[in-house]
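# Examination of the molecular architecture
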Amino acid sequence: MERTTPKLYGLVLAGGKSTRMGSDKGLITYHDVPQQEYLYQLLDQLCDTVFLSIREEQESTVDKAYRTIVDRNEYRGPFNGILSAYASHPDVAWLVLACDLPLLDLESIKQLVEQRDPNASATSFATNQTKLPEPLITIWEPEGLQKAITHLETSESSCPRKFLLNTDTKLVFPEHDEVLYNANSLSEYEFAKSKIALNHGE
């Protein structure tokens, strides 16, 4: 019997503490709306349903128009949000995006979705330069996330990239590496803003 491809849900990781940026990265505006909402709207065009991954104390601040999954705090680092989503919907694949990706666009995400391999543990964007998977621009299949839980139980490392490097991850390369650029500091924010203005011919 042929296996059916799991549905694809979107997840914007907006629960990080944003210590280097000094303000909540998900609320920074690059495209006229807070970045977490911008990415949510992009995913909404490609996924069956979409959620914001948030900390408990953020619940009261999020617009009710957006579906949320609150971190369960069972794991460290980015796996916290990803596996909280997996716990709430274990039968779907999760297209996970960090909220600090100002140059990511619909076409790039579409490329990742079109090149998805549901038989791999994950389908991950990687830059042409490093050839390393970007765990926070990745489609995580249910079986891959189950493997990640086993990995976390037996490993010292909670690094999602390390896990992807040691499992059957399909890599997808964007046409331009810059779409995977993440802005974690004020100078990186300024660079991203200038780049967006340039692309829009401003």
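Now for a description of the structure that goes with this document. (Residues numbered from 1 in each chain as written. Predicted model: local features only at pLDDT ≥ 70, side-chain atom pairs only at ≥ 80, totals over all residues. Heavy atoms only, no water.)

### What about the pattern of salt bridges?
Counted according to the given criterion, the structure contains six salt bridges. For E107, the salt bridge is made with K110, and the minimal N-O distance between the two is 3.6 Å. Residue E107 and its partner K110 are both found in helix 3 (residues 106–114); the two are separated by three residues, about one turn of the helix. You can call E107 exposed: its relative accessible area is 52%. For K110, a relative accessible area of 27% gives the class partly exposed. Residues E178 and K195 are paired through a salt bridge, measuring 3.3 Å at the closest nitrogen-oxygen approach. Of this pair, E178 sits in the loop between strand 7 (169–172) and helix 6 (186–199) while K195 sits in helix 6, and the two are 17 residues apart along the sequence. (Salt bridge = Lys/Arg side-chain N within 4 Å of Asp/Glu carboxyl O. Helix = DSSP H or I, 4+ residues; strand = E, 2+ residues; numbered from the N terminus. Buried < 20%, exposed > 50% of the residue type's maximum accessible area, 1.4 Å probe, protein only.)

### Points about the nonpolar core
Residues L43, L95, L97 and L104 are the most contacted members of the largest nonpolar core, which totals 29 residues. Broken down by secondary-structure element, the contributors of at least two residues to this core are strand 1 (8–13), helix 1 (35–44), strand 2 (49–54), strand 4 (93–98), helix 3 and strand 6 (133–140). When residues of this core are assigned to their parent elements, the largest contribution, five residues, is made by helix 1. The residues touching L43, leaving out its near neighbours within four places in the chain, are G10, L11, V12, V50, L95, L97 and I109. In this structure, I82, A148, I149 and F163 belong to the second largest nonpolar core, which totals 21 residues. (Core = buried A, V, L, I, M, F, W, Y, C linked by side-chain atoms within 4.5 Å. Contact = heavy atoms within 4.5 Å.)

By themselves, these figures tell us nothing about what the structure is for.
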